[in-house]
Amino acid sequence: MSILFTVFLCSGNRSSKTFKPKKNIPEGSHQYELLKHAEATLGSGNLRQAVMLPDGEDLNEWIAVNTVDFFNQINMLYGTITEFCTETSCSVMSAGPRYEYHWADGTNIKKPIKCSAPKYIDYLMTWVQDQLDDETLFPSKIGVPFPKNFMSVAKTILKRLFRVYAHIYHQHFDSVMQLQEEAHLNTSFKHFIFFVQEFNLIDRRELAPLQDLIEKLGSKDR
């Protein structure tokens, strides 16, 4: 996805800000080559085709590479609107009036807690970063197998990353438009949704806060 965001990253200091440090895929690794393949396919503009598993490639590795890329994209997109997402303006983590999220990671915070959106997203992105940095979960070396629970972990990561998109769309889209970043947000989200739909990675009920937008984006590609 990085190719599509080159202009976005270079357009000024605000756009180059990220919420958390960017997660890099080691250059020269097979996953790096997969990322380059994804970028080249995205450049064609056909997102449905771009998310498909390349011939002969391992599904886990494809999902791992794209999960890292989506983390980086959302990290960057949220980084541009953090000044608008505050303890005061977003005292709860929500996606419109009907959906509210409470945080638990099963380890440090076992019982779900109600917290502000910036606190929730900080917890979320830190947790995702920890999973991506764990070589036993996301191996970067050739020949190291993915663990049996990899798909379950990846699904949880993507489910939680979706909540950041949902919060941005419901609570901060006016700010996104003021910054003239709606095209970047829409392209990123469309890519994300097509990917999770291709491999059935997020339960439909979890996508409910943005279901109308998802149907609209999908109808344009039929």
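A quick note: this is a predicted structure, and the numbers were derived from the prediction, not measured. All residue numbers refer to positions counted from 1 along the written sequence of the respective chain. Predicted model: local features are reported for residues with pLDDT of at least 70 only, side-chain atom pairs are reported and counted for 80 or more only, and whole-chain, interface and lining totals are derived from all residues. Processing note: side-chain calculations cover all non-hydrogen atoms of the structure and skip hydrogens and water entirely.

1. Overview of the pattern of salt bridges
A pair can form between side chains of opposite charge whenever their charged atoms are brought close. Whenever Lys or Arg places a side-chain nitrogen within 4 Å of a carboxyl oxygen from Asp or Glu, that contact is recorded as a salt bridge. Applying the stated criterion to the full structure yields 4 salt bridges. A salt bridge links Glu206 to Arg163; the shortest N-O distance between them is 3.4 Å. In this pair, Glu206 is assigned in the loop between α7 (182–198) and α8 (211–219) and Arg163 in helix α6 (residues 150–178), connecting sequence segments 43 residues apart. Glu206 sits in the partly exposed class, given a relative accessible area of 25%. Only protein chains enter the accessibility calculation, which uses a 1.4 Å probe; a residue whose area is less than 20% of its type maximum is buried, one above 50% is exposed, and one in between is partly exposed. Assessed through its relative accessible area of 11%, Arg163 is described here as buried. The helix and strand labels rest on DSSP assignments: H or I over at least four residues marks a helix, E over at least two residues marks a strand, and numbering proceeds from the N terminus.

2. With respect to the environment of Thr88
For Thr88, the position within the fold is in the loop between α4 (59–79) and β1 (93–94). Separated by 28 residues in sequence, Thr88 and Ser116 have C-alpha atoms that sit 8.3 Å apart.

3. Quick word on the environment of Thr82
Mapped onto the elements of the fold, Thr82 is located in the loop between α4 and β1. Judged by relative accessible area, which is 17%, Thr82 ranks as buried. Taking the C-alpha atoms as reference points, Thr82 and His172, 90 residues apart in sequence, are found 9.8 Å from one another.

4. Notes on the UniProt feature "binding site: Zn(2+)" (unreviewed entry) in the protein chain
UniProt positions are given in the numbering used here, feature names are shortened, and annotations may be inferred rather than shown by experiment. UniProt tags Cys85, Cys90, His167 and His172 as "binding site: Zn(2+)" (unreviewed entry). Taking the farthest pair of C-alpha atoms as the criterion, the annotated set spanning 88 residues converges on one region, since that pair is 9.9 Å apart. Relative accessible area serves as the criterion here: at 4%, Cys85 is assigned to the buried category. Among residues more than four places away in sequence, those in contact with Cys85 are Tyr78, Cys90, Ala117, Pro118, His167 and His172. Judged by relative accessible area, Cys90 falls into the buried class, the value being 4%. Note on contacts: a residue pair qualifies if any of its non-hydrogen atoms lie within 4.5 Å across the two residues.

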